[in-house]
Amino acid sequence: MSTFPTWKTIWLGTHKDIKSFRIAFMVAGTNVYKQVYSILSNIPLSKKKMRIGLVKVTVAELGLRGGANYKYIISRARELGLDYCPAEVGPQLILQHKHRPYYECFHIAMEPVFTDVWEQHGLPLGAVSYDNESYHMVRLKPLFTLSYDTFGPQLGWASAWPSYFYDSRYTFVFTHRK
């Protein structure tokens, strides 16, 4: 059992499909990176409503003061009684987390889902161009990120490749291990 306190409890299973999430994001004024919709289409959604307790910790609070790669962060969290969140936690949390400190940002510790997205050669991911021949398929291994800044709430993604390094100041959201 984890010694970390439950930070927040949210509901899963409140949206039956990606379309209902898309509508909820628009109503809530949530900015969603376009690649997130590709990720959402590849995650399982809960069939029934259920509550889940979440734990928010920094990499340093896991005892990794020099930072660590994603694989080691997950390994250390499990040693301390924490576990992956269901992937649905990312989109649900951004919609249900109403009292948000300005410039708060955290990553959802989740089993990454391989996702293919179209990216343009020579342009940042998400940039727009009308040259159809400059696109290529990119395979992502993402996890959800949530941030709150001058643009409002944002649901984005970050790399979950096992070797990707996270500084000790990064914050992750886990569940208690059962």
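Our subject is the structure listed above.
The present account deals with the structure reproduced in this document. This is a predicted model, so every value here is computed, not measured.

Examining the pairing of strand β10 (residues 152-159)
Phase 1: Burial of β10 is extensive: 7 of the 8 residues sit out of reach of the surface.
Phase 2: Pairing of strand β2 (residues 31-32) with β10, which is carried by 2 bridges, proceeds in the parallel orientation. Among the inter-strand pairings, V32 is bridged to a residue of β10, identified as L155.
Phase 3: In this sheet, β10 lies alongside strand β9 (residues 142-149) in antiparallel orientation, the contact comprising 8 bridges. Paired with L143 across the bridge in β10 is A158.
Phase 4: The hairpin turn running from β9 into β10, its antiparallel successor, is 2 residues long.

Topic: the packing of aromatic side chains
Phase 1: Scanning the model with the defined rule gives 10 aromatic pairs in all.
Phase 2: Ring centres of F21 and F25 lie 5.8 Å apart, and the angle between their planes is 25 degrees; on these two criteria the pair is classed as stacked. One end of the pair is F21 and the other is F25, both in helix α1 (residues 18-28) and 4 residues apart, which spans about a single turn.
Phase 3: Overall, the relative accessible area of 0% leaves F21 in the buried class.
Phase 4: Taken together, the ring pairs in this structure connect Y70, Y164, Y166, Y170, F172 and F174 into an aromatic cluster.
Phase 5: Cation over ring: K8 sits above W7, and NZ or CZ is 5.7 Å from the ring centre.

Definitions and limits used
Along each chain, residue indices are assigned from 1 in the same order as the chain's sequence is written. The predicted origin of the model limits local features to residues at a pLDDT of at least 70 and limits the giving and counting of side-chain atom pairs to 80 or more, whereas totals for whole chains, interfaces and linings rest on all residues. Side-chain metrics in this entry use all non-hydrogen atoms of the structure; hydrogen atoms and water are not considered. In this scheme, a residue with accessible area under 20% of its type's maximum is buried, one over 50% is exposed, and one in between is partly exposed, where area comes from a 1.4 Å probe on protein chains only. Under the DSSP-based scheme used, a helix requires at least four consecutive residues in state H or I and a strand at least two consecutive residues in state E, with every element numbered from the N terminus. Strand pairing is defined by DSSP finding a minimum of two bridges between the two strands. Here a pair means two rings of Phe, Tyr or Trp (six-membered ring of Trp) with centres within 6.5 Å. Their orientation is stacked below 30 degrees between planes, edge-to-face above 60, and tilted elsewhere. Only when the NZ of Lys or the CZ of Arg is both within 6 Å of the ring centre and within 35 degrees of the ring normal is a charge said to sit over the ring.

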